[in-house]
Structure formats: structure tokens, C-alpha cells
Amino acid sequence: MPKAKETVLVIDLQALEHNYHFLKSNIKPQTKFLAVVKAYAYGSDAMLIAKKLEELGVDYFAVAYTNEGILLREAGIKTPILVLHPQPLNFHQIIEYCLEPSIYAPRILREFIKVASEQQQKSYPVHLKFNTGLNRLGFWEKDVDYIAEQLKGREELRIVSVFSHLAASEDPAERSFSEQQIGSFKKIYANVKAKLHGKPFRHMLNTSGVINYPEAQFEMVRCGIGLYGYANDPKTDALLKPVATLKSVISQIHEIEPDETVGYNRAYTSEGPRVTATLPIGHADGIGRHYGKEAVSVLVNGKEAPIIGNVCMDMMMIDITGIPCQEGDEVIIFGKQLSAEQQAGRAGTISYELIAGISQRVKRKIFGV
Ligand SMILES: *Cc1c(COP(=O)(O)O)cnc(C)c1O
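Here's a quick rundown of the structure. Here the structure is a predicted model, which means the values were calculated and not measured. (Residues numbered from 1 in each chain as written. Predicted model: local features only at pLDDT ≥ 70, side-chain atom pairs only at ≥ 80, totals over all residues. Heavy atoms only, no water.)

## Focus: the site of the ligand
Move 1: Neighbouring the ligand are 13 residues; K38, Y42, T207, I225 and Y352 lie closest to it.
Move 2: Look at the ligand: alone it shows 390 Å² of surface, and the protein chains cover 93% of it.
Move 3: Put simply, the ligand lies in the largest pocket.
Move 4: If you list the elements that add at least two residues to the shell around the ligand, you get helix 2 (38–43) and strand 9 (220–223). (Near = heavy atom within 4 Å. Areas by Shrake-Rupley, 256 points an atom, 1.4 Å probe, with all protein chains shown as cover. 1 Å grid on protein atoms, 1.4 Å probe; cavity = no way out; pocket = protein on both sides within 12 Å on 5 of 7 lines; lining within 4 Å. Sits in = over half its atoms within 2 Å of the grid points. Helix = DSSP H or I, 4+ residues; strand = E, 2+ residues; numbered from the N terminus.)

Encoded structure:
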């Protein structure tokens, strides 16, 4: 990997390929694989990631919002794209760009039927989302009758799949709750099959679900975080490879006296003589305030250097006392050598938030094509 000369997010497509094959090895060969590429593919680069996964033969993509799906279509992605959380305002574009909406509430169903019918659609592919305990998005089981009534005698829509989402798939203490969700999903599906036309397929598992509930793979699984190298579990993490490495550089080195302060609000005071380095990365790049005040360290020539004082909008300062380094040297914030899971954990958050939060200001660089 070439040394960074500014703040960059290096994206390793070989790591992605490795993670994809690892996750595939945990599901039955006939189970379809949906790759979740929402939020710029968890903060990496949706286009690069989707292109690579399409080459590898992924069956489906999912994004959260319609505009994310449009970007993929404009980049030439041909694989079916499920939009997990569309709004009625987007329905014309959903159809224009051949995106497949999640239909998650009676209002959404009515509005989508209206647009599909105006556009004289026939068998337009949609997916029914059911709530089994996360209480976030989805129909209730009792809505099946309402859905059947709305679709009766209509040909505009075709229900491609029925799905739900686990609330705590990564948490062994919540196993009985997860099993209860899986049970109610099966019941809902039987009801859907009995009352609606067609033979939709089923999906329920995210990355941790694939690892912890292999019996609930059904016909497809939906993996996000695992593709990017994290799995909410140290044993699985060890078998995955982080796709994104966030690097920066030392802009300037300062030697400070005892009892000097560093940064805004003078949040750091030197106890003795210290050497500090300023890096061109801050809040606006995705590094939150909780990473400062020595909560988290970064790597300078293989040595840990704590982030001192308050992180600024475009900069942060680290303590490099005793670390052989110079201005222009590379600094690693997270990645292969320093997992985003660990870094996020030290700041009181999770890998998802750290990696998905790296802003579009940070240049993306491909590695391992
Ligand atoms: C984001 C998301 C996923 C992916 O979850 P991971 O834990 O990242 O694998 C799957 N399904 C739904 C509905 C999601 O919103």
C-alpha cells in the first residue's frame, strides 16, 4: 500500500472479495446474497464496491434511499436494487430507474399502487417488509388482509420477496427474542402465501444473523458490515479483512514546554515537555469529538499516539513524544493495523458509525484492483 501524502481513505477490493467469499461460505450455495451498499457502501465508495460485487456475481443490492439507487444505476449497475426506505415522493424515480421498493406500510402500498397504475405498470417488482419486533419499519401481521384487499384484481405489482429484520442478531443474550422474531416471520409468511398471489422469497438475516442464526437463511441473506470487514464479534472479525483504511499525515510538529495547553478550550495541558503533531483531519471528515481527549490513539510509524485535546473541524493534534517521526509522515486512523471496531469502541460508539461517517471530503483511493 503506498504511503499517504494527505488524508485518504484507501479501499482494498481484494479485502472485499475475501469478505464476500467468507460470508458466502457461511450460507448454503442456493441461498441468494444481497449486498447492502447503503450510505456510500458504509462510507467507502458505493460505485467501486458495487461494481466489484457485481463482477463477483452478487444477486441483489440494497440501499436505504432512492437517490443512492439512482447513483448506482447511473454508474451502470444492472443487478436488482432493493430500496429499503423510500418515500412516496420518490416513486416516479423508483420506476424510472428500475429500483425495487420496500413496501413497509399501508400508506406506502396505496401510494405505490397509485403511481404504478398511473404509469400502467404490470408486475412491477416490490418487496413487503414486516415488523417482527424491531418496531422500526414494516407492516404488522394483521395488515396481510389489508394488503390482499388492496392488491385484489390488480396486476400492477408483483411481490418478489417478503422480509423482516432482527433487532439484536449480534447479542447472544437476546437469542430467545431473535428466535421469537424468526418464528413470527415464518407465521407471517405462511399467511402471505395463503392470501396473496405468487411465490415470494424470504429474507431476514444481516451479517450477525448469518453468523448466529444459520437456520434462518431462508432464500436470501442481506449482508452489509461483514463485507466491509467487521462482524460485531472478535472471533469472526479475525476471519475478515477491513476494506477501508483511513490515513492522514503529519502537517506540523511542535515541541511544547510543561504546563502549556493544546487546542481549543485549552482542553489538554502538558505535564512535561511534549512533542505534538497536527493532522489534517477533523470533525468535518468524520472524526467526532469523542475521539479526542486521549480516548483514542492513532498509529505513527507503528506506535500509538493519543489524540490530545479537542478535535477541531479540520484538524486534530496527537502526542508523538518519543515516537521517531517527521513532518510528512503517514498516520493511520483505522484500518488493517488498527480496527475501526476498536477505535470506535474507545470513543463509545460502533464500527458502523465510524466507517459510514467518513465524509465525502476525504479522497477515496482504490487498492488491490
Ligand atoms: C443495514 C441493513 C442490513 C445490513 O446489516 P449489517 O449488520 O450491516 O449486515 C440488513 N438489513 C437491513 C434492513 C438494513 O437496514
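## Points about the pattern of salt bridges
Working definition: two side chains of opposite charge can pair if their charged atoms are close together.
Move 1: Taken as a whole and assessed by the stated rule, the structure comprises 16 salt bridges.
Move 2: With its nearest N and O atoms 3.4 Å apart, the salt bridge here joins E155 to K122. Remark: K122 occurs in the loop between helix 6 (106–118) and strand 6 (124–129) and E155 occurs in the loop between helix 7 (144–151) and strand 7 (157–163); sequence separation between them is 33 residues. Pair check on accessibility: E155 and K122 agree, each one exposed.
Move 3: Between R202 and E219 there is a salt bridge, with its nearest N and O atoms 2.7 Å apart. Pair noted here: R202 is in strand 8 (residues 201–203) and E219 is in the loop between helix 9 (207–212) and strand 9, with a separation of 17 residues, a long-range link.
Move 4: In the salt-bridge network here, residues are joined through shared partners; they are D285, D314 and R361. (Salt bridge = Lys/Arg side-chain N within 4 Å of Asp/Glu carboxyl O. Buried < 20%, exposed > 50% of the residue type's maximum accessible area, 1.4 Å probe, protein only.)

## Topic: the environment of V37
Move 1: Here V37 shows up in the loop between strand 2 (32–36) and helix 2.
Move 2: For V37, a relative accessible area of 1% translates into the label buried.
Move 3: Sequence separation between V37 and A64 is 27 residues; the distance between their C-alpha atoms is 8.4 Å.
Move 4: Each residue touching V37, except ones within four places of it in the same chain, is listed here: A46, I49, L53, F61, A62, V63, L72 and Y228. (Contact = heavy atoms within 4.5 Å.)

## Details of the packing of aromatic side chains
Move 1: Under the defined criterion, the tally for this structure stands at eight aromatic pairs.
Move 2: Relative to F139, the ring of F130 lies with its centre 5.8 Å away and its plane at 45°, an arrangement referred to as tilted. Both residues of the pair, F130 and F139, count as buried.
Move 3: Three or more aromatic residues joined by ring pairs form one cluster here, namely Y42, Y228 and Y352.
Move 4: Positioned over the ring face of F201 is K32, at 4.6 Å from the centre of the ring.
Move 5: The lysine or arginine in question, R202, covers the ring of Y189, its NZ or CZ lying 5.0 Å from the ring centre. (Phe/Tyr/Trp six-rings, centres within 6.5 Å; stacked < 30°, edge-to-face > 60°. Lys NZ or Arg CZ within 6 Å of the ring centre and 35° of its normal.)

## Quick word on the pairing of strand 1 (residues 8–12)
Move 1: Judged by how many residues are buried, strand 1 sits mostly within the fold: five of five residues are covered.
Move 2: Along strand 1, one buried face is formed by V8, V10 and D12 and the opposite face, lined by L9 and I11, is buried too.
Move 3: Of the pairings in the sheet, the one linking strand 1 to strand 19 (residues 363–367) comprises five bridges and is parallel in character. What sits directly across from V10, in strand 19, is K365.
Move 4: Where strand 1 meets strand 10 (residues 244–249), four bridges bridge the pair, whose relative direction is antiparallel. For V10, the partnering residue across the bridge sits in strand 10 and is T245. (Pairing = 2+ DSSP bridges.)

## As for the side chain of T31
Move 1: Mapped onto the secondary structure, T31 falls in the loop between helix 1 (13–25) and strand 2.
Move 2: Beyond its immediate chain neighbours, meaning those up to four positions away, T31 contacts Q217, F218, E219, M220 and V221.

## As for the packing of helix 7 against helix 8 (residues 175–195)
Move 1: Helix 8 packs onto helix 7 with a crossing angle of 25° between their chain directions and a minimal axis gap of 10 Å. It follows that helix 7 is roughly parallel to helix 8 by the angle criterion. Crossing of helix 7 against helix 8: the hand is right-handed. Between helix 7 and helix 8, the residues in contact are V144, D145 and A148 and N191, V192 and K195, respectively.
Move 2: Among the residues forming the contact of helix 7 with helix 8, the class breakdown is three nonpolar, one polar and two charged. (Axes fitted to C-alpha atoms, helices over the stretch in contact; angles between N-to-C directions. Parallel < 35°, antiparallel > 145°, perpendicular 65-115°, else oblique. Left-handed = near helix turned anticlockwise from the far one by under 90°. Nonpolar A, V, L, I, M, F, W, Y, C, P; charged D, E, K, R; others polar.)

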